[in-house]
Amino acid sequence: MPDSQPQPPPSSSSPGASDTTSLLLCGARLTDGRTVDVRLGGGRIEAVGTAGSLAAGGTRACGTRVDLSGYLLLPAPAEPHAHGDTALSADTGGPVSYDPQDVQRRATEAALLQLGHGATALRAHVRVGDVQGLGALAAVLQARRSLRGLTELTAVAMPRLLTGVAGADGLAMLRDAVKMGASVVGGCPDLDPDPTGYVQAVLDVASEHGCPVDLHTDAGDPARLSRLAAMAGGLRPGVTLSPCGSLGRHPSEITSRTADQLAAAGVAVVCLPQGGCGGVERRGTAPVRLLRAAGVRVAAGSGALRDVSNPVGRGDPLEAAYLLASRHGLRPEDAYDAVSVSARAVLGLPEVRVEAGFPAELLAVRGERLAGALSLAYSRIVVHRGRVVARTSAVREFCDSAAAVELGLPRQGRVEPS
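Residues numbered from 1 in each chain as written. Predicted model: local features only at pLDDT ≥ 70, side-chain atom pairs only at ≥ 80, totals over all residues. Heavy atoms only, no water.

1. Some remarks on the overall build of the protein chain
So, point 1. When you go through the protein chain residue by residue, the secondary structure sums to 13 helices and 16 strands.
So, point 2. Relative to its full complement of 418 residues, the protein chain shows a buried share of 53%.
So, point 3. Accessible area of the protein chain: about 17,600 Å², with a carbon and sulfur share of 51%. (Helix = DSSP H or I, 4+ residues; strand = E, 2+ residues; numbered from the N terminus. Buried < 20%, exposed > 50% of the residue type's maximum accessible area, 1.4 Å probe, protein only. Areas by Shrake-Rupley, 256 points an atom, 1.4 Å probe, with all protein chains shown as cover.)

Okay, here's the thing in structure tokens:
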């Protein structure tokens, strides 16, 4: 049963600003089993109380109310690995168009799709140089501006080559990309004739501008990965690797040693359980349990969203969490952490908890427990900066059944949140 197309509800708030009116989320269930009311204001959680305790004073005192009876309230996911410049290009036929208007349209639509799934922040990897020049980056940055107030989009500049004579243009373009507004530098060192030199060039630019680093690697060469960890150790504001799909194919002692080195260097890993992305081979998912056990920060991203690398990619963080739980054996709580708390940490965003004082970045999904929500999270309500920015509603109906009535089986009604 497909979900309806998510559409941000109308709002009188100006783009880019938190809604100054308060919002009361009523009757939401938390993962610890409590049913609570949550009051939001100024882009933050103002109060959390038992159901009905925050409603005193009526609508005027509480602001807008949203009935979350039957919904589980969670910290909103974040998307640490998107490709806005190639998203939604699988069905176009022929080479991907890098016309700025095409890129801006695809990047905007992709971000809204992922917002509808619950991701209120995302990091888009954008190729610079070669055919694209800086046009694709400019288009993604324009999409970012148009989406302000709905979702937070940051861009990673990804040149193909950075070493030798051929890499001189790429290095200059990388610096220009940062000046344009790319807030993260990265790329795919595996594609450069000198992978170590490529990494060093990226780290140098990151140090010059105080940028985070986000590199694509399949992690097929453990010695190269060890050198990268040694080079990146201590760099602030941080280094992220993805998708590292071949890391688990090495002998266990090598994989464990490499994981220890990544942990010691403070390097985070973003795995892609829904599939790969352009620039690296699709060889599976990084060994998430081993990496977590070693102390590596592990987040999960979506990777390709309906482009040539994955024509059926959904860009759904809850599906990524579902796959981590069902295929890789993580507890539902740890799987959801990978797409929410850890994903936000990788993006350098503040932590979110459903507690007073924390940012009002929230996702409500129909269901009572997290495991069930990861399995059947059809209906969703997304809150960004303290206001509802997307709703997706789904209703499942069956023909009348005496057996269902006799057994007292639950049936989802048509009642929608107010």
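Here the narrative resumes, following the displayed structure.
2. Thoughts on the environment of Val270
So, point 1. Looking at where Val270 falls in the secondary structure, it is placed in strand S12 (residues 268-271).
So, point 2. What makes Val270 buried here is its relative accessible area of 1%.
So, point 3. Separated by 28 residues in the primary sequence, Val270 and Ser242 place their C-alpha atoms 4.8 Å from one another.
So, point 4. If we ignore the near neighbours within four places in the chain, the residues touching Val270 are Pro80, His81, Thr240, Leu241, Ser242, Pro243, Ala299, Ala300, Gly301 and Val346. (Contact = heavy atoms within 4.5 Å.)

3. Side note on helix H2 (residues 100-117)
So, point 1. An ideal rise of 1.5 Å per residue puts 26 Å on 18 residues; H2 measures up with 26 Å between its terminal C-alpha atoms.
So, point 2. The set of residues buried in H2 consists of Val103, Arg106, Ala107, Thr108, Ala110, Ala111, Leu113, Gln114, Leu115, Gly116 and His117.
So, point 3. Backbone geometry just after H2 places Gly118 at a positive phi near 130°. (Expected span 1.5 Å × (residues − 1).)

4. Structural notes on the sheet that holds strand S13 (residues 298-300)
So, point 1. Ordered in space as S6-S7-S8-S9-S10-S11-S12-S13, the eight strands form an open sheet in which the pairing is parallel. Of all the strands in the sheet, just strand S6 (79-82) and S13 have a single pairing partner and so form its edges. This sheet shows a mean twist of 25° between the axes of neighbouring strands, independent of strand direction.
So, point 2. Pairing of strand S7 (residues 121-128) with strand S8 (residues 152-159) involves eight bridges; the strand directions are parallel. Of the residues in S8, the one forming a bridge with Ala124 is Ala155.
So, point 3. Helix H3 (residues 135-146) contacts S7 and S8 of the sheet and is inclined by roughly 160° relative to S7. (Pairing = 2+ DSSP bridges. Axes fitted to C-alpha atoms, helices over the stretch in contact; angles between N-to-C directions.)

5. Some remarks on empty space enclosed by the protein
So, point 1. Taken as a whole and judged by the stated rule, the model has two cavities of 30 Å³ or more.
So, point 2. Roughly 80 Å³ of volume is contained in the largest cavity.
So, point 3. Of all the secondary structure elements, the ones that give two or more residues to the lining of the largest cavity are H2 and S7.
So, point 4. Examining the composition of the lining of the largest cavity, we find that four residues originate from one element, H2, more than from any other.
So, point 5. Residues that form the lining of the largest cavity fall into these classes: nine nonpolar, five polar and no charged.
So, point 6. Of the pockets and cavities examined, the second largest cavity occupies roughly 40 Å³.
So, point 7. Lining the second largest cavity, in full, are Leu25, Val66, Leu68, Leu73, Leu362, Leu363, Ala364, Ile381, Val383 and Val388.
So, point 8. Here the lining of the second largest cavity takes three residues from strand S14 (residues 362-366), the largest share from any one element.
So, point 9. The residue makeup of the lining of the second largest cavity, split by class, is ten nonpolar, no polar and no charged. (1 Å grid on protein atoms, 1.4 Å probe; cavity = no way out; pocket = protein on both sides within 12 Å on 5 of 7 lines; lining within 4 Å. Points joined across faces, edges and corners; volume = space filled by probe spheres on them. Nonpolar A, V, L, I, M, F, W, Y, C, P; charged D, E, K, R; others polar.)

6. Considering the pairing of strand S1 (residues 23-29)
So, point 1. Most of S1 sits out of view: six of its seven residues are buried.
So, point 2. Hairpin connection, S1 to strand S2 (residues 35-41): the antiparallel pair is bridged by five residues, and Gly33 has positive phi, about 100°.
So, point 3. Of the strand pairs in this sheet, S1 and strand S4 (residues 64-67) are connected by four bridges, and their pairing is parallel. Paired with Leu23 across the two strands is Thr64, which belongs to S4.

7. Some words on unusual backbone geometry
Leaving glycine aside, a negative phi is the common case for residues, and trans is the common case for peptide bonds.
So, point 1. The omega torsion across Arg236 and Pro237 is 15°, close enough to zero to call that bond cis.
So, point 2. With respect to the helices, strands and loops of the structure, Pro237 is situated in the loop between helix H6 (222-232) and strand S11 (239-243).
So, point 3. With an omega of -5°, the peptide bond between Ser242 and Pro243 qualifies as cis.
So, point 4. Tracing the sequence through the fold places Pro243 in strand S11.
So, point 5. Look at Arg306: it is not a glycine, yet its phi comes out positive at around 50°.
So, point 6. Looking at the secondary structure, you find Arg306 in the loop between S13 and helix H9 (317-326).
So, point 7. Of note, Arg385 is a non-glycine position whose phi angle comes to about 55°, a positive value.

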